Amino acid sequence: MGANKLNVIVGSKNPTKIKAVSGAFKRVFKKNNVVVSGVSVPSGVSDQPMGSNETKTGAENRLKKVKAQHADFYVGIEGGCSYINKNLYAFAWVVVENKEGRQGKGKTSMFQLPKKIKELIEGGVELGVADDIVFNRNNSKKKDGAIGILTGGLIDRTKYYEEAVVLSLIPFLNKKLFS
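The numbering scheme is per chain: residues are counted from 1 as the chain's sequence reads. pLDDT decides what is reported in this predicted model: residues at 70 or higher carry local features, side-chain atom pairs at 80 or more are listed and counted, and totals for whole chains, interfaces and linings draw on all residues regardless. The basis for the side-chain values is all heavy atoms of the structure; hydrogens and waters are excluded.

S.K.: Could you give an account of the packing of helix α1 (residues 15-28) against helix α6 (residues 157-168), with specific residues and numbers?
M.R.: Only the stretch in contact is used when a helix axis is fitted, and all axes are lines through C-alpha atoms; the angle between N-to-C directions ranges over 0 to 180 degrees. Put simply, DSSP marks the helices as runs of H or I at least four residues long and the strands as runs of E at least two long, and each gets a number from the N terminus on. Contact geometry of α1 with α6 gives a least axis separation of 8 Å together with a crossing angle of 50°. Relative to α6, the element α1 is oriented oblique. Crossing handedness for the pair α1 and α6: right-handed. Listed contacts from α6 to T16, K17, K19, A20, V21, G23, A24, F25, R27 and V28 of α1 are R157, T158, Y161, E162, V165 and V166. Its residues assigned to classes, the contact of α1 with α6 comprises eight nonpolar, three polar and five charged. Any angle that is under 35 degrees is reported as roughly parallel, and any over 145 degrees as roughly antiparallel; angles of 65 to 115 degrees are reported as roughly perpendicular and all others as oblique. The crossing is said to be left-handed when, going from far helix to near helix, the turn is anticlockwise and less than a right angle, and right-handed when the turn is clockwise. The contact criterion used throughout is that any non-hydrogen atoms of two residues lie within 4.5 Å. Gly is placed with the polar residues, together with every amino acid not listed as nonpolar (Ala, Val, Leu, Ile, Met, Phe, Trp, Tyr, Cys and Pro) or charged (Asp, Glu, Lys and Arg).

Have a look at this one:
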């Protein structure tokens, strides 16, 4: 069991993100005993990152910060918002790196945010807080988040992130193609 153990550290204490990373790594590395832990680290970007670049930078910064720990893999996940025409969409970037320095990146699909949430975000409120205000919830970003609330539970936030984590692991699944 010792050589088969994979230690993975996520740059977040958010249980949804930790569960998503755990689910993805267990699917990809079936033969390994995957152990995932979270460490609270700053993203180094706005509380509510805007645009793909700032959001990806947040994920990369989280990954860099957790590399101070000893692990087989490091993961940074950052959620952000982006305008397409005049509509506001939410998504997240995932950056993964192994102890050898091989890196992979993946991104979730995007979904449109309602006008009330868009207005709160434009007023400086972070998406998770905007969700709580609009839907009269408490700490929804650590539960089902905007995606779960807006799809009526059809898309679960953990699975939503998990898919992007799997996508970020493509270079590890196809080492020869990415060497």
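Resuming the write-up.
S.K.: Can you tell me about the nonpolar core, naming the residues and giving the values?
M.R.: Grouped together as the largest cluster of nonpolar side chains are 45 residues, with contacts concentrated most on V21, F25, V75 and L113. For this core, the leading source of residues is strand β4 (residues 87-98), giving eight residues. With sequence-adjacent residues up to four places away left out, L113 is seen in contact with C81, L88, Y89, A90, I121, L127, A146 and L150. The nonpolar core is taken to be a set of buried Ala, Val, Leu, Ile, Met, Phe, Trp, Tyr and Cys residues, with the residues joined through side-chain atoms within 4.5 Å. The rule is simple: take the accessible area with a 1.4 Å probe, protein chains only, and divide by the maximum for that residue type; under 20% is buried, over 50% is exposed, in between is partly exposed.

S.K.: Please give an account of the packing of helix α3 (residues 115-122) against helix α4 (residues 127-135) that cites residues and values.
M.R.: Relative orientation of the contacting elements α3 and α4 amounts to 135°, with a least axis distance of 9 Å. Here α4 runs oblique to α3, going by the angle between their axes. Read as a crossing pair, α3 and α4 show a hand that is right-handed. For the pair formed by α3 and α4, the contact residues are K116, I117, L120 and I121 on the first element and L127, A130, D131, I133, V134 and F135 on the second.

S.K.: Account for the environment of G38, naming residues and giving values.
M.R.: Turning to its location among the elements, G38 is positioned in strand β2 (residues 33-38). C-alpha separation for the pair G38 and V66, spaced 28 residues apart in sequence, amounts to 9.0 Å. Setting aside its immediate chain neighbours within four residues, G38 contacts V10, S12, K13 and I18.

S.K.: Break down the packing of aromatic side chains for me, citing the residues and quoting the values.
M.R.: Only the six-membered ring of Trp is used, alongside the rings of Phe and Tyr, when aromatic pairs are assigned; centres must lie within 6.5 Å, and planes under 30 degrees apart are stacked while those over 60 apart are edge-to-face, with the rest tilted. Following the criterion strictly, the structure yields six aromatic pairs and no others. For the pair F73 and F172, a centre-to-centre distance of 5.1 Å together with 75° between the ring planes defines the contact as edge-to-face. Of this pair, F73 sits in strand β3 (residues 73-84) while F172 sits in helix α7 (residues 170-173), and the two are 99 residues apart along the sequence. In this structure, F73 and F172 share a single accessibility class: buried. Aromatic ring contacts, followed pair by pair, group F25, F29, F73 and F172 into a single cluster. Distance and angle both matter: a charge sits over a ring if NZ of Lys or CZ of Arg is within 6 Å of the ring centre and within 35 degrees of the ring normal. Here the basic side chain of K107 rests over the ring of F91, its NZ or CZ set 4.8 Å away from the ring centre.

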